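# An overview of the molecular structure
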Amino acid sequence: MTLRRATIAKAILICMAAIVASVGPAMTSGGAAWAQETVERLSKIEVRGAQRVERETIVSYLRLAPGDALTKTAVNDALKRLFATGLFKDVSITPRPGGLLLVDVAENPVISEISFEGNSAIKDKVLQAQIRSRPRGAFTRARAEADALTILDAYRAAGRYSATVEPKIIERKGNRVDLVFEIKEGKTVGILSINFVGNDEYSDRRLRSIVQTSESAWWKVLATSDNYNPDRIEVDKQLLRRFYFARGYADFEVVSAVAELSPDRDGFIITFTVSEGERYDVGDVGVFSRIPKFDPKKYAGLIATVPGDTYDADLVQRTVKKMQQRLAEDGVRFVDVKPQARKRRADGKPVVDIRYVFVDAPRLYVERIEIEGNSRTLDHVIRREFDFVEGDAFSTYGLTRSRSRIRALGFFGKTEVKTAKGSAPDRVVVRAKVKEKATGDLSFGIGFSSVDSLGGTISLTERNFLGRGQLVRISIAASSSRQTYDFAFIEPYFLGRNLEAGIQVFHIESDQSDESDFETKRSGFSPSIGFPIDEYSKIRLRYKLVYDNIVEVPSSASPLVKADKGGRLVSSVGYDYTLDFRNSKNQPTEGFILTLNQTFAGVGGDTFYLRSKGKIKGYTSFFREDVIVSLSLEGGAIVGLGGDDDVKISDRFSLGGDEFRGFRKSGVGPRDTHTATISGTTYNYDAALGGNYYALLRADISFPLGLPEEYGIFGGVFADVGSVWGLDDTRYATDTGTLSVDDSFKLRATAGVSLFWTSPFGPLRFNLAVPIQKEEEDKDEFFSFGVATRF
């Protein structure tokens, strides 16, 4: 039995060998076969089926040269490379005896034209930029389907979740096709409501003001923030974390962010579930070093986190930024600052100990800076925003700062600044990729206020003139009492340095006949140069040459107004200083801003005076930051240096209107209200004269009124206290003797309520004010309105 089995097995093996030996070479689509294990050497390549693609191109993709071994692996790799080109819908490679390699290809159709049908919300140009298929490129079904998904994502980002996209082809002669994307856009799906769960310390209203996503409203027809976008929700989660971390909630987390379609599918309901945790105070604070012989104590004075204060993660990062900046200023290289936080309880209260640790940073140098995407903006406009040049030591702080500065230019819609490995381990390549956006604006505006009545503006602005980063602006503004014609040019990097140089040419006509019986015409120009002192302060130096002409003074005007009639040349130099510690320039809730400016007239010209003005305004908030309080104090003085006639009525300060609510424009201060007889004619004067000095204290409180946030309506209360006083000449002669105007300091005060409305036409403010302290000759105003934010 055993012998018989062995004989049978041997017979089977002999038969299988005979079958294998009898099988010749075989060719199959998309592959290759070998007749025997003997490896042939490539001697010739024959390409069949190619129409538009050159033979040499196909051979180059094979990466096979005469004499190469035609192994199964080599041929399969060549097959994969041909398919990867996307040029062919079918490929087969067949080795033949004698080293011949047959390559049969069937080319993909070529796209003649790409079109979009049914789209109106997103333009063809935008869609074309997002897809990969291109005219005169090869058509593949997989790429067309992928492009359809990309278009669908664009519509979902715009809030159109019912959109559908179907790619279709129209066959043409010569193996060409037209690619058509048939689009059904569907309706925009907005945000019905944004809700928060778990927020005990801050109201839903306050948190809605933090996130980018907003609830839909009828006036937001041009907005996109009220469309559901999953990517924007992720940004909102980060914004909420930053908001809470900056207010002491170091354990805060967003548990979930859920978007649900309403039952009738007409909008999304967004629900953020949060865990606020405890509110931490700052515990122990110190600086430490892990670098031998490096003393960190000299940087301890930069620490902004104070023991006992509420923990603020933003303040920690600001401290780190200051330390990194000081290290760079001191020329200390390859040193970084890492903050370390340790939570604990002290006397039963949660605190965070903060250590600012100085550590060794990687020793890297900038090999080169590469810029791409700037088709219009010149390279040097972007390069000058970097904190380093080729060959300098690389720092993460410098990279972050450079990225922020490039974005702050406002020339690009998208900015990426990343690093790549250089030619050596200690070299790094910095790559800036930008996407240009429109920088020119042609704007038209029309408005109405209780001060200037009906007015309109036309402005043409180019913020990136000729791609050089320069600003050019031409504007015309007109109202019932004022006309302004203005041209401005600004070079942000004068002489290649961080100096902002500019020039302004203007003509202004102002009608003050209702207040003071005169009109002014001013024409002139003003060159200036400004530069930052540090992160929070800057200064601007200026020269101004103006021809100031007081005209249209009637014979019935006060003699004190008539005395200033006529023109004069004013040549002056001055400065403007700003110190800004606000937490936001648009909607501040904490911090303060200080501005100081002085003007000396007398550098040539016809008049000599010194005019000084200063203002400080602070902000704070209460009750979950829904209630914002601001307090401002300002004052000014102008002193004639050459005689009593150096300070004209057009140079003096005036209060009223928007500056001093509750009084009309120029309704406060010295005023000639005499009835006088001059040369036999009796006049009843009522002319505001302004003053050489003024002081004003303003207090504002704004708060929500309990209305739905999408209405954009807030309430406020305010109080203003101040005065205008002082004249160089208060007396004039009449037929009956000399009359004098009272220019003494007299305090005025008003109080009132405000209504703020973020309307579709811009932010509006309505004031109702009542004078508490006033003089008989003052002109009060109960109601006023105009364009204004909450503060």
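Summary of the structure given here. (Residues numbered from 1 in each chain as written. Predicted model: local features only at pLDDT ≥ 70, side-chain atom pairs only at ≥ 80, totals over all residues. Heavy atoms only, no water.)

## A word on the pairing of strand E11 (residues 335-346)
Sheet topology note: the E11/strand E12 (residues 349-360) ladder contains 12 bridges and is antiparallel. Bridge pairing in E12 links valine 335 to aspartate 360. Between E11 and E12, which pair antiparallel in sequence order, lie two residues; one of them, aspartate 347, sits at a positive phi of approximately 55°. (Pairing = 2+ DSSP bridges. Helix = DSSP H or I, 4+ residues; strand = E, 2+ residues; numbered from the N terminus.)

## A short note on the sheet that holds strand E2 (residues 88-96)
If you walk across this open sheet you meet the three strands as E1-E3-E2, and the pairing is mixed. Among the strands making up the open sheet, the edge pair consists of strand E1 (44-48) and E2. Strand-to-strand, the axes of this sheet are offset by a mean angle of 15°, without reference to chain direction. The pairing of E2 with strand E3 (residues 100-107) spans eight bridges and is antiparallel. Residue aspartate 90 lies in a different strand from E3, and its bridge partner there is alanine 106. Running at roughly 160° to E2, helix H3 (residues 72-84) makes contact with E2 and E3 of the sheet. (Axes fitted to C-alpha atoms, helices over the stretch in contact; angles between N-to-C directions. Contact = heavy atoms within 4.5 Å.)

## Some remarks on the packing of aromatic side chains
Enumeration over the complete set of coordinates arrives at 24 aromatic pairs. Taking the centre distance of 4.9 Å and the plane angle of 75° together, the rings of tyrosine 202 and phenylalanine 243 count as edge-to-face. With a gap of 41 residues between them, tyrosine 202 in the loop between strand E7 (190-197) and helix H6 (204-208) and phenylalanine 243 in helix H7 (residues 230-245) connect regions that are remote in the sequence. The class of phenylalanine 243 is buried, set by a relative accessible area of 5%. For the pair tyrosine 299 and phenylalanine 358, a centre-to-centre distance of 5.4 Å together with 35° between the ring planes defines the contact as tilted. Of the two residues, tyrosine 299 is situated in the loop between strand E10 (281-289) and helix H8 (313-329) and phenylalanine 358 in strand E12; the sequence distance between them amounts to 59 residues. An identical accessibility class is assigned to tyrosine 299 and phenylalanine 358; each is buried. By way of ring pairs, the aromatic residues Tyr202, Phe243, Tyr244, Tyr249 and Phe252 are connected into one cluster. Across the ring face of phenylalanine 288, the terminal group of arginine 355 is positioned such that the distance to the ring centre comes to 3.8 Å. A cation sits over an aromatic face here: arginine 661 above phenylalanine 718, 4.2 Å from the ring centre. (Phe/Tyr/Trp six-rings, centres within 6.5 Å; stacked < 30°, edge-to-face > 60°. Buried < 20%, exposed > 50% of the residue type's maximum accessible area, 1.4 Å probe, protein only. Lys NZ or Arg CZ within 6 Å of the ring centre and 35° of its normal.)

## Thoughts on the pattern of salt bridges
Scanning the entire structure with this criterion turns up 43 salt bridges. Of the charged contacts, one joins arginine 401 and aspartate 387 as a salt bridge, the two residues approaching to 3.1 Å between their closest N and O atoms. Note that arginine 401 is positioned in helix H10 (residues 396-408) and aspartate 387 in the loop between helix H9 (379-383) and H10, a separation of 14 residues in sequence. Using a relative accessible area of 35% as the deciding quantity, one classes aspartate 387 as partly exposed. Aspartate 686 is paired through a salt bridge with arginine 671; the nearest N and O atoms lie 3.0 Å apart. Of this pair, aspartate 686 sits in the loop between strand E29 (681-684) and strand E30 (687-688) while arginine 671 sits in strand E27 (residues 671-672), and the two are 15 residues apart along the sequence. Residue aspartate 686 is classed as partly exposed on the basis of its relative accessible area of 33%. You can call arginine 671 buried: its relative accessible area is 9%. Linked through salt bridges whose partners overlap, the residues forming this network are Asp284, Arg342, Arg344 and Asp353. (Salt bridge = Lys/Arg side-chain N within 4 Å of Asp/Glu carboxyl O.)

## Topic: a nonpolar patch on the surface
A surface patch of nonpolar side chains, about 840 Å² in accessible area, is lined by Leu442, Ile458, Leu460, Ile474, Ile476, Tyr485, Phe487, Ile503, Val505 and Phe525. The set of elements that each furnish at least two residues to the nonpolar patch consists of strand E17 (453-465), strand E18 (470-479), strand E19 (482-491) and strand E20 (500-511). By the secondary structure assignment, isoleucine 503 is in strand E20. With relative accessibility at 33%, the residue isoleucine 503 sits in the partly exposed group. (Patch = residues over 30% accessible without salt bridge, like charges linked within 9 Å, V, L, I, M, F, W, Y side chains within 5 Å. Areas by Shrake-Rupley, 256 points an atom, 1.4 Å probe, with all protein chains shown as cover.)

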